[in-house]
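# Reading the structure
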Amino acid sequence: MITLQINGEKHKIDVAPEMPLLWAIRDIVGLTGTKYGCGIGVCGSCKVLLDNSPVQSCLIPVSAAEGKNIVTIEGVSENLQLLQASWLALNVPQCGFCQPGQLIAATALLDKNSDPTDDEINEAMIGNICRCGTYQRIKSAIHRTVELKKQG
Amino acid sequence: MNPIRNISRRTFVKSVGLASGGLILACNTSVFSDKESAGDKELASFNPNLFVQLNADGSLILIASRSEMGNGVRTSLTSVIADEMDADWTKVIVKQAVGDVKYGDQNTDGSRSVRYLFEPMRKMGAMARAMLITAAAQSWKVSVTECTAENHHVLHKSGKKIAYGDLVEIAKNLEVPTELTYKNPKEFKYIGKKLRGVDVEEYANGSAIFGLDKRLPNMKFAAMQRCPVTFGTVKSFDKTAALKIPGVIDVIEIPRMEKPFGTLGGIAVIASNTWAAFKGKEALKIEWNYGDNATYDSEKYMKLITENVHKQGKVGKDVGNVNKAFKNAHKIVESTYQLPHLAHAPMEVPNAVAWVQGDSCEVWAPTQDPQTARKEVSDYLGTPEEKVTINVTFLGGGFGRKSKPDYVVEAVAISKAMNMPIQVVWTREDDIKHGYYHTVSSQYLKASLDKQGNVTGWLNRFALPSIASTFSPGVDYPAGFEISSAANVPFDIKNMKVEVGQSPAYVRIGWLRSVINIPHGFSQNVFADELAVAAGKDPLEFRLNLIGKDRIEETEDPIKYDTARLKNVLKLAAKNANWGKPLPEGHAYGLSVHYSFYSYVASIVEISMPNNKVKVHNVFTVIDCGQTVNRDTIKAQMEGAAIFGMSLAFYGKITAKNGAIEQSNYSDYKMIRMNEIPKVHVEIVESAENPTGVGEPGVPVIAPAIVNAIFKLTGKRYYNLPLSDYGLV
Ligand code: FES
Ligand code: FES
């Protein structure tokens with residue numbers, strides 16, 4: 001038995017310790033907002049926060065996530081909510097599939113950097129592919145969130 | 001006969017998935033054609049296809065018959081009804097239609113949803129508004145001419161008003177009006193405006209259910225190993241190791257179904273979770289009969305089709321006398337362009353949930369074309385289509401891949417064999433290695449110039465495996481629809497010839513966002529740039545001259561193209577980019593303009609090349625797609641198309657060795673990422689012409705504009721893609 005703490009809730013699951021966190025979240029716990037895109041850590045669709053750091057959940061075995069604080073797109077955090085509001089305001093998503101991963105990456109960025117430059121945004125978001133090409137709006141939505149926060 | 005009917009009181013309303021109690025309008029398929037309706041003599045033969053349901057609480061349910069895959073179609077189509085109906089957008093609930101002929105053609109492909117459905121949607125909206133006004137007038141005992149509609153209410157000139165929901169009981173019993181008045185386009189509130197997508201919130205909070213997210217009680221997961229060589233079959237297999245993986249339930253063989261959209265067949269691993277199914281698949285030991293396609297080597301193939309375009313081919317178009325023009329030329333220019341296969345690689349891999357029970361089957365799938373999926377499933381099971389339900393989930397991207405339902409048939413095949421609900425999930429590797437690839441092409445272009453630099457003759461000879469080969473195995477020349485976009489090149493040249501060379505297919509060839517316009521848009525735009533250089537003229541001025549005087553060009557198609565609109569988008573792009581003004585040191589512009597899916601698009605890109613690597617700074621795109629529905633969706637599609645076009649220009653290349661695809665994932669089939677993006681500036685031409693395509697026509701202009709900019713900057717011409725092959729990215 002492995003206990004995962006996801007979005008503040010504890011889940012006891014009976015899986016092989018090497019099962020990637022992604023599949024435990026999606027298929028065992030049943031939270032499907034976290035997406036599979038590549039399975040090898042290069043697309044960012046599966047990103048979650050693990051003790052506040054953005055990680056590719058397709059690469060992390062569940063055993064390594066035990067005892068840590070996991071936040072998925074379904075979880076609530078201040079920056080995530082503010083970013084989601086900007087996502088709506090700027091109509092960011094096209095197909096929407098990559099957006100949970102994009103939002104998690106952007107949340108992690110704002111959690112540790114309240115005023116990122118364009119280059120810092122690029123660095124934080126480079127691991128997230130959007131096949132629909134919504135990058136420009138993602139960048140604008142991050143800037144907008146920062147601006148609104150500054151205005152209080 | 002009026003194709004729209006008030007079906008509020010009819011008993012079958014429930015059976016089509018709507019609750020009774022509201023005002024429900026439906027229309028039959030005749031709205032899609034000019035032909036008179038075959039008639040609705042019997043209720044049973046009346047096939048309602050588009051629905052509007054207004055409930056007493058004011059909520060308005062609108063049915064979206066086309067698939068949502070980032071194209072914004074659930075928003076744009078329904079907003080047309082809502083606008084014409086004077087409805088409040090916040091009260092609209094969009095329901096997705098299942099796959100059924102009663103909805104008319106549902107294939108969400110070819111950038112035509114808005115083009116086909118704009119008028120029928122307006123009609124539905126206008127009809128509902130008229131009925132609500134009549135209902136209000138009746139209840140107030142006044143003349144309808146004294147009433148107007150506004151934001152979900154009917155108003156009387158005296159100042160009193162009533163909410164739409166409160167009119168449902170009366171409107172339900174009204175006959176539909178035979179005469180309709182439409183809104184003046186100047187009064188549109190949603191059409192042609194910026195409107196937030198109806199699904200954006202679900203996308204942003206992770207609650208949107210894509211095919212991959214569908215769950216059924218007791219559903220199991222399946223992964224399949226397919227032969228590395230297209231159409232190869234299983235010789236033998238050993239499942240011992242796979243069955244030892246915890247969670248693996250069974251391993252079964254699924255034979256190939258020899259149809260364009262049939263399953264490729266292979267060995268399926270069924271497990272209690274996706275990961276166990278993937279692990280089980282890796283543990284399989286399979287011997288294959290590779291079959292004829294094992295000889296496919298894409299490098300050798302490129303040489304072969306290039307030889308074929310350097311000798312005489314089959315004639316596809318012959319106007320004037322090209323040979324004579326070439327003989328009398330002041331200058332001859334000739335070039336050969338080579339473009340590789342591409343894969344769709346939508347962010348959500350192909351997947352489907354199927355549950356076969358007895359002779360019935362229900363499917364949940366991210367499909368662009370639920371009717372074709374329904375037909376394929378019914379063929380596979382040998383059961384009538386009425387027994388097959390295809391529920392359309394959200395699509396995590398499609399780009400043409402998800403209008404080919406081989407993955408749906410797989411889920412059905414496994415569910416039937418296992419007698420349980422099954423979700424089949426392709427790995428990303430499966431997606432890259434077993435796709436319906438965008439064609440690989442070689443094109444030879446030759447033109448003559450006179451002393452003044454006018455183009456007097458134009459020859460385009462190309463070879464590429466045809467999409468038709470997927471439907472008629474053995475087809476080994478480009479088909480008519482692949483010739484026409486070369487033949488319809490919008491240049492005013494007296495002597496023109498198009499020829500095609502032999503080019504058999506060794507993999508499944510399929511349409512990918514903007515399809516044949518990728519190779520033709522590339523060669524035409526790069527070659528025209530080369531001709532401008534040969535003529536010693538500015539590319540913009542040269543191109544406007546080459547397109548020539550304003551005229552409507554005849555094509556085989558019912559919609560003709562208008563060279564004035566083509567020149568207009570190019571001029572606007574040049575204006576927006578400030579073409580001609582000095583750019584920062586080390587920067588250059590390249591231009592491109594192309595007509596596809598009945599829309600006109602021009603792009604000008606600004607690049608620089610620090611350390612000999614291409615950096616795209618700005619893209620100025622102008623589109624004329626007629627009457628616009630949702631301007632923000634169009635803008636988003638142009639932004640996305642620029643990135644899609646850049647991905648194929650920089651990195652897009654699928655190759656084959658010994659018949660097997662060499663790439664496997666986003667690691668070796670790369671995409672543009674955040675650090676590489678330009679600023680995309682979009683202008684949408686205001687137009688009252690019929691709405692035309694938006695999803696695809698922004699793609700083909702990007703790659704040639706980049707190549708033209710590189711030439712401007714470096715004096716070096718690149719003829720092939722992707723640019724990563726030259727070390728330029
Ligand atoms: S699925 Fe984990 S990075 Fe792509
Ligand atoms: S919105 Fe479709 S992949 Fe990003």
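Residues numbered from 1 in each chain as written. Chains lettered and ligands numbered in written order. Predicted model: local features only at pLDDT ≥ 70, side-chain atom pairs only at ≥ 80, totals over all residues. Heavy atoms only, no water.

## Considerations on the domain arrangement of chain B
All names here are of chain B. Annotation of chain B at the domain level lists domain 1 (4-200), domain 2 (211-291 + 350-425) and domain 3 (298-342 + 437-726). Placing a centre on the C-alpha atoms of domain 2 and another on those of domain 3 gives a separation of 37 Å. Each side of the interface is counted separately: domain 2 has 14 residues, and domain 3 has 14 residues. Note on domain 2 versus domain 3: buried area summed over both sides is about 1,000 Å², and carbon and sulfur give 61% of it. Area buried by domain 2 at its contact with domain 3 is led by Thr230, Pro260 and Phe399, which between them contribute 46% of it. For the pair domain 2 and domain 3, the interface holds one salt bridge. Here Asp406 ties to Arg508 by a salt bridge, and the two come within 3.1 Å at their closest N and O atoms. (Domains from an automatic or database assignment. Contact = heavy atoms within 4.5 Å. Buried area = accessible area lost by both parts, 1.4 Å probe. Salt bridge = Lys/Arg side-chain N within 4 Å of Asp/Glu carboxyl O.)

## A word on the side chain of Asn308 of chain B
Residues and elements named next belong to chain B. Note that Asn308 resides in helix 7 (residues 298-309). Within the structure, the side chain of Asn308 is placed 3.3 Å from the side chain of Lys311, a separation counted as a polar contact. Side-chain polar atoms of Asn308 contact the backbone oxygen of Gln502, separated by 2.8 Å. Once residues lying within four places of it in the same chain are set aside, the contact partners of Asn308 are Arg461, Gly501 and Gln502. (Helix = DSSP H or I, 4+ residues; strand = E, 2+ residues; numbered from the N terminus. Polar contact = N/O pair within 3.5 Å; in protein donor to acceptor, adjacent residues only side chain to side chain.)

## Some details on the side chain of Asn460 of chain B
Residue and element names in this part refer to chain B. Position of Asn460 among the secondary structure elements: in strand 21 (residues 455-463). By relative accessible area, which is 0% here, Asn460 ends up buried. Residues in contact with Asn460, not counting those within four places in the same chain, are Gln443, Tyr444, Leu445, Ala486, Lys497, Val498, Glu499, His520 and Ser523. (Buried < 20%, exposed > 50% of the residue type's maximum accessible area, 1.4 Å probe, protein only.)

## Some details on the interface of chain B and chain A
Many descriptions give the size of an interface as the accessible area lost when the pieces come together. Listed as interface residues are 60 residues of chain B and, on the opposing side, 49 residues of chain A. Taking both sides of the interface into account, the surface hidden between chain B and chain A amounts to around 4,500 Å²; carbon and sulfur atoms contribute 60%. Of all residues in chain B, Trp275, Met347 and Met674 of chain B give up the largest surface area on contact with chain A, accounting jointly for 20% of the area buried on that side. For the pair chain B and chain A, the interface holds five salt bridges. One salt bridge in this structure joins Asp213 of chain B and Arg26 of chain A, with 2.9 Å as the shortest N-O distance. At the junction of chain B and chain A, the tally comes to 19 residue pairs in polar contact (both at pLDDT 80 or more). With nine residues, helix 17 (residues 631-650) of chain B is the single largest residue contributor to the side of chain B that touches chain A. Split into classes, the residues belonging to the side of chain B that touches chain A amount to 31 nonpolar, 16 polar and 13 charged. (Nonpolar A, V, L, I, M, F, W, Y, C, P; charged D, E, K, R; others polar.)

## Here's the deal with a negative patch on the surface
Residues and elements named next belong to chain A. A cluster of acidic residues, Asp118, Asp119, Glu120 and Glu123, forms a negative patch at the surface. Along the chain, the position of Asp118 falls in helix 5 (residues 118-125). Given a relative accessible area of 38%, Asp118 falls into the partly exposed group. (Patch = residues over 30% accessible without salt bridge, like charges linked within 9 Å, V, L, I, M, F, W, Y side chains within 5 Å. Areas by Shrake-Rupley, 256 points an atom, 1.4 Å probe, with all protein chains shown as cover. Lys, Arg positive; Asp, Glu negative; His and termini not counted. Charge placed at Lys NZ, Arg CZ, Asp CG, Glu CD.)

## Observations regarding the packing of aromatic side chains
One pass over the full model with this rule turns up 26 aromatic pairs over all chains. An angle of 15 degrees between the planes, with centres 5.1 Å apart, marks the rings of Tyr296 of chain B and Tyr506 of chain B as stacked. One end of the pair, Tyr296 of chain B, is in the loop between strand 13 (285-289) and helix 7; the other, Tyr506 of chain B, is in the loop between strand 22 (495-500) and helix 14 (517-535), and 210 residues separate them in sequence. For the ring pair Tyr301 of chain B and Tyr506 of chain B, a centre distance of 5.9 Å and an interplane angle of 85 degrees mean the geometry is edge-to-face. Of this pair, Tyr301 of chain B sits in helix 7 while Tyr506 of chain B sits in the loop between strand 22 and helix 14, and the two are 205 residues apart along the sequence. When its relative accessible area of 4% is taken as the criterion, Tyr301 of chain B is described as buried. Accessibility expressed as a relative area gives 25% for Tyr506 of chain B, which makes it partly exposed. Each residue in the set Phe97 of chain A together with Tyr203, Phe210 and Phe394 of chain B is aromatic and connected to the rest through ring pairs, giving one cluster. (Phe/Tyr/Trp six-rings, centres within 6.5 Å; stacked < 30°, edge-to-face > 60°.)

## Thoughts on the environment of Tyr203 of chain B
Residue and element names in this part refer to chain B. Among the secondary structure elements, Tyr203 is positioned in helix 4 (residues 200-205). Given the relative accessible area of 4%, Tyr203 is considered buried. Along the backbone, Tyr203 and Tyr290 are 87 residues apart, and their C-alpha atoms lie at a distance of 42 Å.

## Remarks on the pairing of strand 3 (residues 47-50) of chain A
All names here are of chain A. Covered by surrounding structure in strand 3 are Lys47 and Leu49 together with Val48 and Leu50, the residues of both alternating faces. Across four bridges, strand 3 lies against strand 4 (residues 53-56) in antiparallel orientation. Note on strand 4: the bridge partner recorded for Val48 is Val55. Relative to strand 5 (residues 69-71), strand 3 runs antiparallel, the two being bridged by two bridges. Bridge assignment links Leu50 to a residue of strand 5, and that residue is Ile70. (Pairing = 2+ DSSP bridges.)

## Side note on the domain arrangement of chain A
Residue and element names in this part refer to chain A. According to the domain assignment, chain A contains domain 1 (2-71) and domain 2 (78-150). On a C-alpha basis, the centres of domain 1 and domain 2 stand 21 Å from each other. Each partner contributes to the interface: domain 1 provides twelve residues, whereas domain 2 provides twelve residues. Summed over both sides, the interface of domain 1 with domain 2 buries roughly 980 Å², with 62% coming from carbon and sulfur. When the buried area of domain 1 at its contact with domain 2 is split by residue, Lys35, Lys47 and Leu49 rank highest and sum to 43% of it. Here domain 1 and domain 2 share zero salt bridges between them. Linking domain 1 with domain 2 are four residue pairs in polar contact (both at pLDDT 80 or more). Counting residues per element, the side of domain 1 that touches domain 2 draws most heavily on strand 3, which supplies three residues. Tallied by class, residues from the side of domain 1 that touches domain 2 come to seven nonpolar, three polar and two charged.

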